[in-house]
Amino acid sequence: MSKIDDITMQVRARLHELCIKLWLPPYYEAAIGPDGIEIENLADEFSGILGIPKSDCTLALIELQESAIRKSKAREEFATTGVATFNVRRVNNRRGTESIVEVKCPLTSLGGVLQKNIAEILDIDEPDRIKCISAGKILDPCQSLTDQGIKNNQQLMLIISEAGKKEEMQEFVMHARIQKIKQDIEIIVDSNSHLFEIEDEDGNDVLLPPAENRAILIALGICEKARVAIKRERYDEALILLLEADEKFITCNSKFLENVDNYALLNLDIVWCYLCLQNVTQLPDAQRRLEICEQNFRRTYGENLQRLVYFKGETSCEKALIMRLHLLQGVVLFHQNKRSEAYEKFLIAENELHALKVNENSMKALVEMGYEPYEARLGLRACDGDIEQAITYIHARNQKLNKTRSCSLKKRRLNQDLSLGDQNKNWVNPSSVCILIEMGYPSKLVVQALLDSKNDLNRALDLLQNYTDELRRKLSSDYTVDARLMQQLLQLGFKESHVRMALQMSLNNLENAIDILIKYHTDCEDLNSFVKRMTAIANEENIPSTSNGLTSLAGKVAKKATKEIESLNAFMRFTEGLIDNELDYLVLPLDQEEQILEQYKHLSMHSCYFAVIAVVSCSYEQEEKGQKGLLLDFSEKV
């Protein structure tokens, strides 16, 4: 944060406190212009109160006055013509704010028109490379500005994807890379291979209705790639990805989000990107997101983390997230010119950071023993730096994780087997299936009972206990395999045992049976050979006319298998750069946080010191003039 930005912030806050309007008399006359003498007098007064050199106060007041006059004229223009004015702040991933431009556009226009206007001003050939961000949302080019809640004189944040120097390098351009990431994730999530699964940090499967499961899987997938971008310090790309993930999260109505910290982490990461991009135009959105984060943490972790202590016995991992939250809250308060409140947050964050620091020699010792760096850091934090206790902690956690995942494997496989047909209509909760099967009821009756009860476990149990015959009658027609369908699939070369099982599981639904059979081909090489075989059958010219249906079926199977190849290739691209550690989001080294903390803590302390000195100086001057009581008044305002 620059010195002039800090001074401007303090001067602006003082103007608001005193309700001074620089675009009105005596500071500005429409017919004459700014009154330099009044501005100088105001600068002299503020200099004494704020402890800032008069010349700096004057520059800040002039800049704020010019901005206020521009906004006043923009309001008049909007009232008469309907054309809105926007202050667009272009940010650079390395340098923060790169430029600020003024752009005009009617609010009735589509977001794409605003993009084109910005592109013309900045001399950018491709408007699609422009991403406008307002109130934490990416503007939709196909929706009107009014419908997106955009208002006149609003400040917008602008991220522009850099163009490649050569046509063959276009795939590495940020805009193209983000689009490819989103496409790959959707292909993976929609695949029948279940390449993505949701589990908690202890390895338990999280099973949700299909529509919500899809939205959350896409959101979590985008978040993973955003964290990769953050680690590579591509904060502009990370911010766009996180905002895309936010759109997916908010479409989910499940209370799942209220009971886990994923959505809190998303909001925390978005504000972190705002900070790293040195952008304050999104300050209201940053405050809103930190409030969401804090509420979610309290609900998930409990007040003073007592829920974590109850369930896990220790809280050191999550304390790193709490520390970052307090740091960002302090930064937001500082930019709101609430210096004393910000300083208090910084002190809290500082104490938390010191408690989380680990001895680098201890880290090195554990790594030399063969432990991963993230395991060493988490273990030492959980055990107050004791190496022997950290080793015990790491082993205990790994054993618990392996045991939980082993127990979850049965549910996961069951969930895959049950994922057939209209999943939103016929979804059955695998956890409930396992509970009822363990009570001794046959699996097919259990599934039918849960379907009839709409996944009400108690109602399903009642059906199994009291209405068994009715459940069996519903299932009677499902046990018989359709001989005609079986013959068709056998002619395509599938194994008889696989075909019989697929038709039974799919209740003789050919489409679903094919999906099940394709799952037996588990890698790209095997699938490619399978597609070649199906394509050869589909293109066979000498096949008898009575078997024309077989060629059509082979073509359909080849298309489905090709989609699975696409999903496997998409998954390989997705995993590039990902860290194979599900707890990576908790293993914050905190080096960057420490640097930011020191910078802002120094600014806060420095500002408060000068403010107190200025108060005392002013009070002495007033006392000499016989005016008492000014010290108390100023102290309250400080």
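Owing to the predicted nature of the structure, the values given are computational and were not obtained by experimental measurement.

### Considerations on the nonpolar core
Counting residues in hydrophobic clusters, the biggest one holds 83 residues, and the most contacted among them are Ile159, Leu239, Trp272 and Phe297. With 12 residues, helix α9 (residues 262-276) is the largest single contributor of residues to this core. Of the domains in this structure, domain 2 (82-162) and domain 3 (173-394) are the two that each give at least three residues to this core. In contact with isoleucine 159, other than residues within four places in its own chain, are Val91, Arg129, Ile130, Lys131, Ile133, Met174, Asp236, Leu239, Ile240 and Leu277. Membership of the second largest hydrophobic core comes to 28 residues, among which are Ala513, Ile514, Ile537 and Ala561.

### Remarks on the packing of aromatic side chains
For the structure on display, the rule yields six aromatic pairs. Note on phenylalanine 334 and tyrosine 600: the rings are 5.3 Å apart at their centroids and 85 degrees apart in plane angle, and the pair reads as edge-to-face. Of this pair, phenylalanine 334 sits in helix α12 (residues 316-335) while tyrosine 600 sits in helix α27 (residues 591-624), placing them 266 residues apart in sequence. The same class applies to phenylalanine 334 and to tyrosine 600, which are both buried. Among the aromatic residues, those joined into a ring-pair cluster are Phe196, Phe571 and Phe574. If you follow arginine 75 out to its NZ or CZ, it ends over the ring of tryptophan 23, 5.9 Å from the centre. The cationic tip of arginine 339 hangs over the ring face of phenylalanine 334; the distance from NZ or CZ to the ring centre is 4.1 Å.

### Thoughts on a negative patch on the surface
A cluster of acidic residues, Asp123, Asp125, Glu126 and Asp128, forms a negative patch at the surface. Checked against the element boundaries, aspartate 125 lands in the loop between α4 (111-122) and β5 (130-134).

### Some points on the packing of α9 against helix α10 (residues 283-301)
Their axes nearest at 8 Å, the elements α9 and α10 cross at an angle of 150 degrees. The angle between α9 and α10 falls in the class roughly antiparallel. Seen along the crossing, α9 lies across α10 with a hand that is left-handed. Every residue of α10 that contacts α9 at Tyr263, Ala264, Leu265, Asn267, Leu268, Ile270, Val271 and Tyr274 is listed here: Asp285, Ala286, Arg289, Leu290, Ile292, Cys293, Asn296 and Phe297. The residue makeup of the contact of α9 with α10, split by class, is 12 nonpolar, two polar and two charged.

### Some remarks on helix α14 (residues 360-368)
Along α14, the positions that sit buried rather than exposed are Ser362, Met363 and Leu366. For α14, the angular spread of the buried residues around the axis is 105 degrees, confining them to a single face. Seen from the open side of α14, the exposed residues pointing more than 90 degrees away from its buried face are Glu360, Asn361, Lys364 and Glu368. Structurally, the start of α14 carries an N-cap: the backbone nitrogen of asparagine 361 is 2.8 Å from a side-chain oxygen of asparagine 359. Just downstream of α14, glycine 370 is the residue with a positive phi angle, here 110 degrees.

### Focus: the packing of helix α5 (residues 174-189) against helix α6 (residues 210-231)
The N-to-C vectors of α5 and α6 enclose an angle of 140 degrees; their axes lie 10 Å apart at closest approach. With respect to each other, α5 and α6 are oriented oblique. Where α5 crosses over α6, the handedness of that crossing is right-handed. Side by side, α5 and α6 meet where Ile181, Lys182, Ile185, Glu186 and Val189 of the first sit next to Arg214, Leu217, Ile218, Gly221, Ile222 and Lys225 of the second. Residues belonging to the contact of α5 with α6 are distributed by class as follows: six nonpolar, one polar and four charged.

What counts and how
Residues numbered from 1 in each chain as written. Predicted model: local features only at pLDDT ≥ 70, side-chain atom pairs only at ≥ 80, totals over all residues. Heavy atoms only, no water. Core = buried A, V, L, I, M, F, W, Y, C linked by side-chain atoms within 4.5 Å. Buried < 20%, exposed > 50% of the residue type's maximum accessible area, 1.4 Å probe, protein only. Helix = DSSP H or I, 4+ residues; strand = E, 2+ residues; numbered from the N terminus. Domains from an automatic or database assignment. Contact = heavy atoms within 4.5 Å. Phe/Tyr/Trp six-rings, centres within 6.5 Å; stacked < 30°, edge-to-face > 60°. Lys NZ or Arg CZ within 6 Å of the ring centre and 35° of its normal. Patch = residues over 30% accessible without salt bridge, like charges linked within 9 Å, V, L, I, M, F, W, Y side chains within 5 Å. Areas by Shrake-Rupley, 256 points an atom, 1.4 Å probe, with all protein chains shown as cover. Salt bridge = Lys/Arg side-chain N within 4 Å of Asp/Glu carboxyl O. Lys, Arg positive; Asp, Glu negative; His and termini not counted. Charge placed at Lys NZ, Arg CZ, Asp CG, Glu CD. Axes fitted to C-alpha atoms, helices over the stretch in contact; angles between N-to-C directions. Parallel < 35°, antiparallel > 145°, perpendicular 65-115°, else oblique. Left-handed = near helix turned anticlockwise from the far one by under 90°. Nonpolar A, V, L, I, M, F, W, Y, C, P; charged D, E, K, R; others polar. Arc of directions from axis to C-beta. Polar contact = N/O pair within 3.5 Å; in protein donor to acceptor, adjacent residues only side chain to side chain.

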